[in-house]
Amino acid sequence: MPLVKVEILKGRSVDYRKAILDGIHSALVEAFKIPDYDRNQRLYELDSEHFEIPDTKSEQCILIELTVFKGRSLEAKRHLYSAIVRNLEKNPGINGNDITIVIYEPPMENWGIKGGKPANEVDLGFKIDV
């Protein structure tokens, strides 16, 4: 049940924005083995005065924050990072150097899901320890 937050500069096409969300989700399914239906994503478009970009990045700069259940291995995270970059370089054509990814892993008991139960007390239907 990853929660995905994406920030980009305002002004991109619907197809461009959809390619970003599809590319990130596909990478999560591939690397973290989440179910394909498990899609919780938000994309924020910011005006340039609200989104400062370092000189080392282009206007395609993208920030991706993932809040996920704790338990994935370093290898699974490496796989995720490379899959996201591969997918976004392919479509919509974002240079890998413009992509920043951060993972947050709050403890399972800090997630209220499935009717208000702590996630550590619920059968999730998929493995976390990949």
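A.B. asks: When you look at the overall build of the protein in this model, what are you seeing that I'm missing?
C.D. replies: Helix and strand counts for the protein stand at two helices and six strands. Overall, the protein shows an N-to-C arrangement of helices and strands of β-α-β-β-α-β-β-β. Its C-alpha atoms give the protein a radius of gyration of 15 Å, within 12% of the compact-globule value 14 Å for 130 residues. Here the protein, with 130 residues, has 38% of them falling under the buried criterion. When contacts within the protein are restricted to residue pairs at least 6 apart in sequence, those whose partners lie at least 24 apart make up 75%. Taken as a whole, the protein presents about 7400 Å² of accessible surface, with 48% of it coming from carbon and sulfur. The distance from the centre of the 18 positive side-chain charges to the centre of the 21 negative ones in the protein is 5 Å.

A.B. asks: Sorry if this is basic, but what is going on with the sheet that holds strand 2 (residues 40-46) here?
C.D. replies: Sheet strands line up and pair through hydrogen bonds in the backbone, either parallel or antiparallel. Spatial strand order, 2-1-3-4: four strands in an open sheet with mixed pairing. Looking at which strands have only one partner, the edges of the open sheet turn out to be strand 2 and strand 4 (99-104). Put simply, the sheet's adjacent strands are angled 15° from each other on average, direction ignored. When strand 3 (residues 62-67) meets strand 4, the two strands line up parallel, connected through six bridges. Along strand 4, the bridge assignment pairs I62 with I99. In the packing of helix 2 (residues 74-90) onto the sheet, contacts are made with strand 3 and strand 4, and the angle to strand 4 comes to roughly 145°.

A.B. asks: Please clarify how the side chain of H25 should be interpreted in this entry.
C.D. replies: Checked against the element boundaries, H25 lands in helix 1 (residues 14-32). For H25, the residues in contact, after removing those within four places along its chain, are I34, P35, D36, D38, R39 and Q41.

A.B. asks: I keep staring at unusual backbone geometry and nothing clicks. Help me out?
C.D. replies: Note on backbone geometry: most residues besides glycine have negative phi, and most peptide bonds are trans. The amide bond that connects N91 to the next residue, P92, takes the cis arrangement and shows omega of 25°. One can find P92 in the loop between helix 2 and strand 4. Of note in this structure, K33 is not a glycine but carries a positive phi near 60°. Take K33: it is sitting in the loop between helix 1 and strand 2. Of note in this structure, K114 is not a glycine but carries a positive phi near 45°.

A.B. asks: In this structure, what is going on with the packing of aromatic side chains? I would like to understand it.
C.D. replies: Geometrically, a pair of aromatic rings is defined through the distance of the ring centres and the angle of the planes. Within the structure shown, the criterion is met by one aromatic pair. Ring geometry for F69 and W111: centres 4.6 Å apart, planes at 65°, overall edge-to-face. Of this pair, F69 sits in the loop between strand 3 and helix 2 while W111 sits in the loop between strand 4 and strand 5 (112-113), and the two are 42 residues apart along the sequence. According to the relative accessible area criterion, F69 is buried, its value standing at 1%. Its relative accessible area of 7% is what places W111 among the buried residues.

Definitions and limits used
- Residues numbered from 1 in each chain as written.
- Predicted model: local features only at pLDDT ≥ 70, side-chain atom pairs only at ≥ 80, totals over all residues.
- Heavy atoms only, no water.
- Helix = DSSP H or I, 4+ residues; strand = E, 2+ residues; numbered from the N terminus.
- Rg over C-alpha atoms; globule rule 2.2 N^0.38 Å.
- Buried < 20%, exposed > 50% of the residue type's maximum accessible area, 1.4 Å probe, protein only.
- Contact = heavy atoms within 4.5 Å.
- Areas by Shrake-Rupley, 256 points an atom, 1.4 Å probe, with all protein chains shown as cover.
- Lys, Arg positive; Asp, Glu negative; His and termini not counted.
- Charge placed at Lys NZ, Arg CZ, Asp CG, Glu CD.
- Pairing = 2+ DSSP bridges.
- Axes fitted to C-alpha atoms, helices over the stretch in contact; angles between N-to-C directions.
- Phe/Tyr/Trp six-rings, centres within 6.5 Å; stacked < 30°, edge-to-face > 60°.

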